[in-house]
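Here is what each chain is made of, one letter per residue.
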Amino acid sequence: MKKIFVFALFGVLAVTIAACGGQTPTPTPTPQPEPTAEPVEEPTAVPEEPTEEPAAADETPAEPIIGVAPVDSAKVTFENEQWAVAVEGNLPDGCTEIGEISQSVEGSVIKVEVSTTRPADMMCTQAIVPFSETVVLETADMPNGEYTVEVNGVAAAEPVVLGEEHMPEAAADITGIVWQWTEFQDTAGENNITVDNPENYTVTFLPDNQVSIQADCNQVGGSYTLDGSSLTIQLGPSTMAFCGEESLDQQFLEKLGFVATYVMDGDNLVMNLQADA
């Protein structure tokens, strides 16, 4: 009984083996890869450049051109108890006008600055335009004394004299009198002259606007112009004698040629010279 049992087990094993090796297995199909869709490129959006708006026109007017007035002459006047300076000159074109006028004092010099103004963006006629301005001088708070007036660097011939004892009087009759030269006073006090023999240096203003001058040993003729306190002397023919090394004849004549104004100091005639004399 043991043999049968063993055999039976063997037979079962054989059958089992036969069943495994006798049939051909059905091949499993290899999965094919699905076709891959090619990527479609979508158009890239291009950013729009910002549109620049045209700049608005600058409506702010250009600053005017400021300059200095070209002055040809300056004359000091005294009217209604006020000192003033009459200024004349020529502007360079038809657009330029007189601008601000300022005044300052430096020592014994009154400086007047006259400016001009001109539009920066305007076409102008290139023609010289004469101008005249009368500037009242601010002398109320100034110390007494004698002052020179300069307008844009041009000096007036007549001085400004402040103080009651220096105020110009009404024009006196100076004609027909023999005036003797006694002294010369420099405003800086550096070139003062005292005349030892004043009878040798005389001036006589004749009624016909002629002047007779004795300059030491020489006789001189000429003419004069008198307008209020303004006085000018034009020297004429002269003798040419040599009066000696100590003579003041040449200095006397030179200073008479620069006389600009006069005032009366009591019985004395005081003749003031031009600022640049």
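Just above, that's the structure.
All of these numbers come straight from a predicted model, not from anything done at the bench.

## Details of the packing of aromatic side chains
- Applying the stated criterion to the full structure yields 5 aromatic pairs.
- Ring centres 4.7 Å apart and planes at 55 degrees place the aromatic pair Phe 78 and Trp 83 in the tilted group.
- Judged by its relative accessible area of 27%, Phe 78 falls in the partly exposed class.
- These aromatic residues form a ring-pair network of at least three members: Trp 181, Tyr 201 and Phe 252.
- The positively charged end of Lys 255 is found above the aromatic ring belonging to Phe 184, 4.0 Å away from the centroid.

## Here we look at the sheet that holds strand β6 (residues 129-136)
- The antiparallel open sheet is built from 3 strands, whose spatial order is β2-β3-β6. The two strands at the open ends of the sheet, each matched to only one other strand, are β2 (71-79) and β6. Between one strand and the next, the sheet's axes are offset by a mean angle of 20 degrees, whatever the strand orientation.
- Looking at chain direction, strand β3 (residues 82-91) and β6 are connected through 8 bridges and run antiparallel. Across the sheet, residue Val 87 finds its bridge partner in β6, namely Glu 133.

## Describing helix α2 (residues 249-256)
- For α2, the complete set of buried residues consists of Asp 249, Phe 252, Leu 253, Lys 255 and Leu 256. Projected down its long axis, α2 shows its buried positions confined to an angular sector of 165 degrees, all on one face.

## Some words on the nonpolar core
- Formed by 24 residues in total, the largest nonpolar core has its most connected members in Ile 174, Trp 181, Phe 205 and Phe 252.
- Elements that contribute at least two residues to this core include exactly β13 (201-205), β14 (210-215), β15 (218-227), β16 (230-238), α2 and β17 (259-265).
- In contact with Trp 181, not counting residues within four places along its chain, are Ile 193, Val 195, Pro 198, Tyr 201, Leu 248 and Phe 252.
- Within the second largest apolar cluster, 21 residues are counted, among which are Ala 74, Val 85, Leu 137 and Met 142.

## Topic: the pattern of salt bridges
- In total, this model carries 2 salt bridges according to the counting rule given.
- The residue Asp 93 makes a salt bridge to Arg 118 at a minimum N-O spacing of 3.2 Å. Linking Asp 93 in the loop between β3 and β4 (97-106) with Arg 118 in strand β5 (residues 109-118), this pair joins segments that are 25 residues apart in sequence.
- Judged by relative accessible area, which is 19%, Arg 118 ranks as buried.
- A salt bridge links Lys 111 to Glu 106, with the nearest nitrogen and oxygen atoms 3.2 Å apart.
- Residue Lys 111 is classed as partly exposed on the basis of its relative accessible area of 25%.
- By relative accessible area, which is 47% here, Glu 106 ends up partly exposed.

## Focus: the side chain of Asp 93
- Taking relative accessible area as the criterion, Asp 93 reaches 6% and is therefore assigned buried.
- Looking at Asp 93, its side chain comes within polar contact range of the main-chain nitrogen of Cys 95, at 3.0 Å.
- Apart from residues lying up to four places away in sequence, Asp 93 is in contact with Arg 118, Cys 124, Thr 125, Gln 126, Ala 127 and Val 129.

## Some words on unusual backbone geometry
- The backbone of Asn 152 sits at a positive phi, close to 50 degrees, despite the residue not being glycine.
- In this fold, Asn 152 is placed in the loop between β7 (145-151) and β8 (154-155).
- What makes Asn 152 buried here is its relative accessible area of 18%.
- For Asn 209, which is not glycine, the phi torsion reads 65 degrees and is therefore positive.
- Assignment of secondary structure puts Asn 209 in the loop between β13 and β14.

## Details of the environment of Lys 111
- Here Lys 111 shows up in strand β5.
- For the pair Lys 111 and Val 151, spaced 40 residues apart in sequence, the C-alpha to C-alpha distance is 6.0 Å.
- Among all residues touching Lys 111, those that are not within four sequence positions of it are Ser 102, Gln 103, Ser 104, Glu 106 and Glu 150.
- In terms of polar contacts, Lys 111 uses its side chain to reach the side chain of Glu 106, at 3.2 Å.

About the criteria used
- Residues numbered from 1 in each chain as written.
- Predicted model: local features only at pLDDT ≥ 70, side-chain atom pairs only at ≥ 80, totals over all residues.
- Heavy atoms only, no water.
- Phe/Tyr/Trp six-rings, centres within 6.5 Å; stacked < 30°, edge-to-face > 60°.
- Buried < 20%, exposed > 50% of the residue type's maximum accessible area, 1.4 Å probe, protein only.
- Lys NZ or Arg CZ within 6 Å of the ring centre and 35° of its normal.
- Pairing = 2+ DSSP bridges.
- Helix = DSSP H or I, 4+ residues; strand = E, 2+ residues; numbered from the N terminus.
- Axes fitted to C-alpha atoms, helices over the stretch in contact; angles between N-to-C directions.
- Arc of directions from axis to C-beta.
- Core = buried A, V, L, I, M, F, W, Y, C linked by side-chain atoms within 4.5 Å.
- Contact = heavy atoms within 4.5 Å.
- Salt bridge = Lys/Arg side-chain N within 4 Å of Asp/Glu carboxyl O.
- Polar contact = N/O pair within 3.5 Å; in protein donor to acceptor, adjacent residues only side chain to side chain.

Interpretation note: all reported values are geometric properties and have no functional meaning in isolation.
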